[in-house]
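In case you want the letters, here they are:
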Amino acid sequence: MYRSDSPGLSRLLTPILQRHGRDATRLLQILREVQDACHSVPAGAIDLVAAHLDVPRVNVEGVAGFYSFLSAHPAGEYRLLFSGNITDQMLGKDELMQYLCNKLWVEPGRLSEDGLVSVDSTSCTGMCDQGPAALVNGWPLTNLDHNRLDLIAELIRSRKPVADWPPMLFEVADNVHRGDVLLGQPFEPGAAIRATLARGAKETLAEMDKSNLRGRGGAGFKTASKWAFCHAAIAEEEGGVICDVGGQPERFIVCNADEGEPGTFKDRVLLNSHADLVFEGMTVGARVVGASKGFLYLRGEYRYLLQQLEAVLKRRREAGLLGGNILGQTDFSFDIEIHLGAGAYICGEESALIESLEGKRGRPRNRPPFPVTRGYKGRPTVVDNVETFACAARIAENGGAWFASIGTAQSTGTKLLSVSGDVARPGIYEYPFGVTVRQILDDCGAQGRSYAVQVSGPSGTTISWKEFERKIAFEDLPTAGALMVFRHRRDLFQAARNFADFFAHESCGFCTPCRVGTQLQKKILEKIQSGHGTASDLEELKRLGHILKTMSHCGLGSSAANPVLDILEKFPDMYESKLKAFAFEPAFDLDGALETARKITGRDDEWAHL
Amino acid sequence: MSKTITIDGLTVPFRDGQTIMDAALASGVYIPHLCHNPEFKPHGSCKLCTVNVNGRNAASCTMPATEGLQVLNDTAELNDERRALVQMLFVEGNHLCPSCEKSGNCQLQAVAYYLEMMSPHYNHFYPTREVDASHPGILLDRNRCIYCELCVRASRDADGKNVFGLTGRGMATTLIVNSASGRLGDTTLAVTDKAVQVCPTGALMKKGLAYTVPIGRRIFDHHSIKDVQTGGGHE
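Since this is a predicted model, take the numbers as computed values, not measurements. (Residues numbered from 1 in each chain as written. Chains lettered and ligands numbered in written order. Predicted model: local features only at pLDDT ≥ 70, side-chain atom pairs only at ≥ 80, totals over all residues. Heavy atoms only, no water.)

Caption draft 1: Quick peek at the overall build of chain A. From N to C terminus, chain A includes 25 helices and 16 strands. A compact globule built from 610 residues should have a C-alpha radius of gyration of about 25 Å, and chain A, at 25 Å, falls within 12% of that. C-alpha extents for chain A along the principal axes are approximately 90 × 65 × 55 Å. If you take every contact in chain A between residues at least 6 apart in sequence, the share linking residues at least 24 apart comes to 71%. Summing over all exposed atoms, chain A offers an accessible surface of approximately 23300 Å²; the carbon and sulfur share of this is 51%. (Helix = DSSP H or I, 4+ residues; strand = E, 2+ residues; numbered from the N terminus. Rg over C-alpha atoms; globule rule 2.2 N^0.38 Å. Contact = heavy atoms within 4.5 Å. Areas by Shrake-Rupley, 256 points an atom, 1.4 Å probe, with all protein chains shown as cover.)

Structure follows, in structure tokens:
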């Protein structure tokens, strides 16, 4: 164990601390690197970081304990985290993880005796189209099977550094099967900025308005309104107005690339192959709202994209598309910094994301005020999804009317869908809004008779085969992009359990209904799974769902019961077939509770059992 | 003319900058709450003070009052849901009222009385939580912590010490103290600190005072929390 006075620890951390300086907003970024260097965030490191940043020790410990990828206890030189999404499970994740554990002589979730390796589950890593997937020390492993795990076990036992593992283990394919205006058309870097400068900022906002672009993160707020609010906002701090530049508050553009909704992986593809389009959209947004600084908040699972994204930013700076005096415009400076997450789904919520950007625990803020008036460091901030910025770049380039002519009246443009589950061709499909679920199922080669589709991930909607004529659109089936397909005879109760476990794991713990309610929901499903469920448990699930929906602090809690109740409503037999006939059954096993007494008395006769 | 909102049909005046909770308390209207304390910045975590504002639920302690808001507070549905939240707080920790020194002075217990909670309803989690008796004058019993962060806020904002904080996430959330050893006795916390006085439960208690006032003669043994927190109780 490292102590703060250990010279070894100080030697390891000094370069990290020096590189980040004394800015407390760098805290999470620092702790990520500490984790890499020490395979944990030891108590001694917390002391050193707190002293370096001059912040209370509790704040550093609080952040270190919040994010899944940071660990207080050693996680091993090799830390393997299997993606635990339902699609990975359907591809055999549980068996494969146990197989690897047996090979390495480790128990899931525990460090090996020699401190070399640990194997555990994590929330969806965004590789559902090429699962089962895992992360090794944060780097994605795809298409896992027994052969690959044999190889991986061998590499670990021979202590080969992850950097020297065969590249084929880390191959991530885009799997784009249908492209449209975002993925299917070439883009000349700078085109959207040039069009914006030629047209003017106000006029570009008018084009955005005309396009009726709505946020692609799922909520569907009109982007032009968000930008206009941010532009018009006067940031106020208790006690006075913040005036950073020329009587105006500083403004920020934030790109939400914390693509954590299980089953969603479209931003991964946009950032891998269309990063220019995304950065260009951010730059257009900066011109419109008057921001000079932007952030890309990249989920920790996508750290493998960091280096190439930094290279794109560098290239754009060299091309005059980023940095000072963009395209020679002396009054236009804007630059983008990339922050990495560290395993916290809640940071996809915009105000939690801002907290995380500031180096804090990712806890959703109280609203109002909204980020457009008081966001990053209390300044007006636009937070938009990766795909939203890509659309904004296209609109700046081609105009609002062009965009509005695609899709439906209320849902203009196209939508990227991440399709996974029981389909022949999992991957990315870009459709104009209004496409039916049936059309998508036909195009992706849905296997056998499709039975159910989870639209927009666990927090979205479960639809049954009776609803396949419904349309992907804000007015019918809104979605952040995930589409998980379940064929006939899949046990959807397992999907409900998987999603309930996910929400219980990812709840930030701030508010009572979500912190406790997601646990209660998980426990009731476990009870049903173990054969002790009764009709009263189903009533309890409905009541819990109502409390989660109406009392929670943010969208995580208020949607945490969606899949559990949707599946209960649309596929009641999935639950009922597992219930006991009784109206009520206690949660604990009465007969099992007598086991200790039986052991003590050495009895096992009929009267020693209930 | 002053601005007003209505709460359950009653007209309640407010000043700009006040929340619904502020306005309610100023007018003697009780909205159940645990994490709110008018002396500190609103937090909004316990959600007991959830009210229905123009048809949508919101935490009254953080929701700004604006002209004409129609607020529903003391309704059967909201009180049912609040009772469920209190039950959740009871089962997630280890709250053993009959043997707790805070019994009778505990806001969690008192609000449970007010909401007519007759049983915990949910199954107890029986978590393993640490007790820290290392400080000579103060006991920290995490079994009773409800994560309201009043001690965190008071230590930071009133005492200027940052003795307390939260770590972990979700069900693993834990109250921590500002010392490398993790022990309360190694922090700068003093018995006179505000942080020690604000705990709504028995998680933070001064030592040596447990039964100075016998059980049966404590605040909530004789008064409803509604009357205590709205300054009423003399009708």
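That was the structure; now back to the text.
Caption draft 2: Up close: the sheet that holds strand E4 (residues 56–59) of chain B. Residue and element names in this part refer to chain B. Spatial ordering of the open sheet is given by E2-E1-E5-E3-E4, a layout of 5 strands whose pairing is mixed. Edge strands, defined here as strands with exactly one partner in the open sheet, are strand E2 (10–14) and E4. Each strand axis lies, on average, 35° off the axis of its neighbour in the sheet, ignoring direction. For strand E3 (residues 50–53) and strand E5 (residues 70–72), the ladder comprises 2 bridges, and the chain directions are antiparallel. (Pairing = 2+ DSSP bridges. Axes fitted to C-alpha atoms, helices over the stretch in contact; angles between N-to-C directions.)

Caption draft 3: Local environment of the interface of chain A and chain B. Of the residues lining the interface, 41 residues belong to chain A; the matching set on chain B comes to 44 residues. Interface area lost by chain A to chain B is led by Val 58, Arg 515 and Met 551 of chain A, which between them contribute 20%. Counting every contact that joins chain A to chain B gives 3 salt bridges. Taking the shortest distance from any N to any O, the salt bridge between Glu 506 of chain A and Arg 169 of chain B comes out at 3.1 Å. At the junction of chain A and chain B, the tally comes to 23 residue pairs in polar contact (both at pLDDT 80 or more). (Buried area = accessible area lost by both parts, 1.4 Å probe. Salt bridge = Lys/Arg side-chain N within 4 Å of Asp/Glu carboxyl O. Polar contact = N/O pair within 3.5 Å; in protein donor to acceptor, adjacent residues only side chain to side chain.)

Caption draft 4: Structural detail: the state of the cysteines. Per the stated rule, a full pass over the model turns up 0 disulfides over all chains. Here Cys 124 of chain A is not disulfide-linked; the sulfur of Cys 128 of chain A is the nearest cysteine sulfur, at 3.5 Å. Unpaired in terms of disulfides, Cys 97 of chain B finds its nearest cysteine sulfur in Cys 106 of chain B, a separation of 6.3 Å. (Disulfide = S-S within 2.5 Å.)

Caption draft 5: Up close: the pattern of salt bridges. Summed over all chains, the structure comprises 56 salt bridges over all chains. Salt bridges here are not isolated pairs; linked through shared partners, they connect Lys 266, Asp 267, Glu 387 and Lys 415 of chain A.

Caption draft 6: Focus on the environment of Val 423 of chain A. Residues and elements named next belong to chain A. Mapping Val 423 onto the fold places it in the loop between strand E12 (414–421) and strand E13 (427–432). Taking the C-alpha atoms as reference, Val 423 lies 8.8 Å from Gly 448; in sequence the two are 25 residues apart. Dropping the residues within four chain positions of it, Val 423 is found in contact with Cys 444, Gly 445, Ala 446, Gln 447 and Val 485.

Caption draft 7: Looking closely at the packing of aromatic side chains. Counted according to the given criterion, the structure contains 16 aromatic pairs over all chains. Among the aromatic residues, those joined into a ring-pair cluster are Tyr 78, Trp 165 and Phe 170 of chain A. When the ring centre of Phe 332 of chain A is taken as origin, the NZ or CZ atom of Arg 287 of chain A, which lies over that ring, is 4.9 Å away. In this structure, Lys 523 of chain A packs its charged tip against the face of Phe 125 of chain B, placed 4.2 Å from the ring centre. (Phe/Tyr/Trp six-rings, centres within 6.5 Å; stacked < 30°, edge-to-face > 60°. Lys NZ or Arg CZ within 6 Å of the ring centre and 35° of its normal.)

Caption draft 8: Highlighting the packing of helix H9 (residues 201–211) of chain A against helix H10 (residues 223–232) of chain A. All names here are of chain A. Put simply, H9 and H10 touch, their axes get as near as 8 Å, and they point 145° apart. Residue-level inspection shows Leu 205, Met 208 and Asp 209 of H9 in contact with H10, the latter providing Thr 223, Ala 224, Trp 227 and Ala 228. Residue classes in the contact of H9 with H10 are distributed as 5 nonpolar, 1 polar and 1 charged. (Nonpolar A, V, L, I, M, F, W, Y, C, P; charged D, E, K, R; others polar.)

Caption draft 9: The sheet that holds strand E1 (residues 78–83) of chain A, seen in detail. Residues and elements named next belong to chain A. Across the sheet, 4 strands lie side by side as E2-E1-E3-E4; this open sheet has mixed pairing. Looking at the sheet topology across the chains shown, the edges are occupied by strand E2 (117–122) and strand E4 (139–141). Direction aside, neighbouring strands of the sheet carry axes that sit 25° apart on average. Pairing analysis gives 3 bridges linking E1 to strand E3 (residues 134–136), with the strands arranged antiparallel. Across the sheet, residue Leu 80 finds its bridge partner in E3, namely Val 136. Contacts from helix H6 (residues 93–104) reach E1 and E2 within the one sheet, and its direction differs from that of E2 by about 170°. Those strands touched by helix H7 (residues 146–157) are E1, E2 and E4, and its axis lies near 160° from that of E1.

Caption draft 10: Region of interest: unusual backbone geometry. For the peptide bond that leads from Gly 131 of chain A to Pro 132 of chain A, omega is -5°, which places it in the cis range. By secondary structure assignment, the location of Pro 132 of chain A is in the loop between E2 and E3. With omega at 0°, the peptide bond leading from Pro 368 of chain A into Pro 369 of chain A counts as cis. Mapped onto the secondary structure, Pro 369 of chain A falls in the loop between helix H14 (350–357) and strand E11 (381–385). Phi is positive for Asn 143 of chain A, which is not a glycine, with a value near 45°. Here Asn 143 of chain A is to be found in the loop between E4 and H7. Look at Asp 8 of chain B: it is not a glycine, yet its phi comes out positive at around 50°. Following the sequence through the fold, Asp 8 of chain B ends up in the loop between strand E1 (3–7) and E2. Its relative accessible area of 37% is what places Asp 8 of chain B among the partly exposed residues. (Buried < 20%, exposed > 50% of the residue type's maximum accessible area, 1.4 Å probe, protein only.)

Caption draft 11: Seen up close, the domain arrangement of chain B. All names here are of chain B. Segmenting chain B into domains produces domain 1 (3–74) and domain 2 (81–222). For domain 1 versus domain 2, the distance between C-alpha centres works out to 25 Å. Contact with domain 1, which involves 20 residues of that partner, is made by 21 residues of domain 2. Both faces combined, the contact of domain 1 with domain 2 buries some 1600 Å², and carbon together with sulfur accounts for 60% of it. Interface area lost by domain 1 to domain 2 is led by Leu 34, Phe 40 and Leu 48, which between them contribute 42%. (Domains from an automatic or database assignment.)

Caption draft 12: Structural view of the packing of helix H18 (residues 492–506) of chain A against helix H22 (residues 562–570) of chain A. Residues and elements named next belong to chain A. Running from amino to carboxyl end, H18 crosses H22 at an angle of 160°, the nearest separation of the two axes being 8 Å. Judged on the interaxial angle alone, H22 and H18 are roughly antiparallel. Considering the relative orientation of H18 and H22, their crossing is left-handed. Where H18 abuts H22, its residues Leu 492, Ala 495, Ala 496, Phe 499, Ala 500 and Phe 503 lie against Pro 563, Val 564 and Ile 567. For the contact of H18 with H22, a count of residues per class yields 9 nonpolar, no polar and no charged. (Parallel < 35°, antiparallel > 145°, perpendicular 65-115°, else oblique. Left-handed = near helix turned anticlockwise from the far one by under 90°.)

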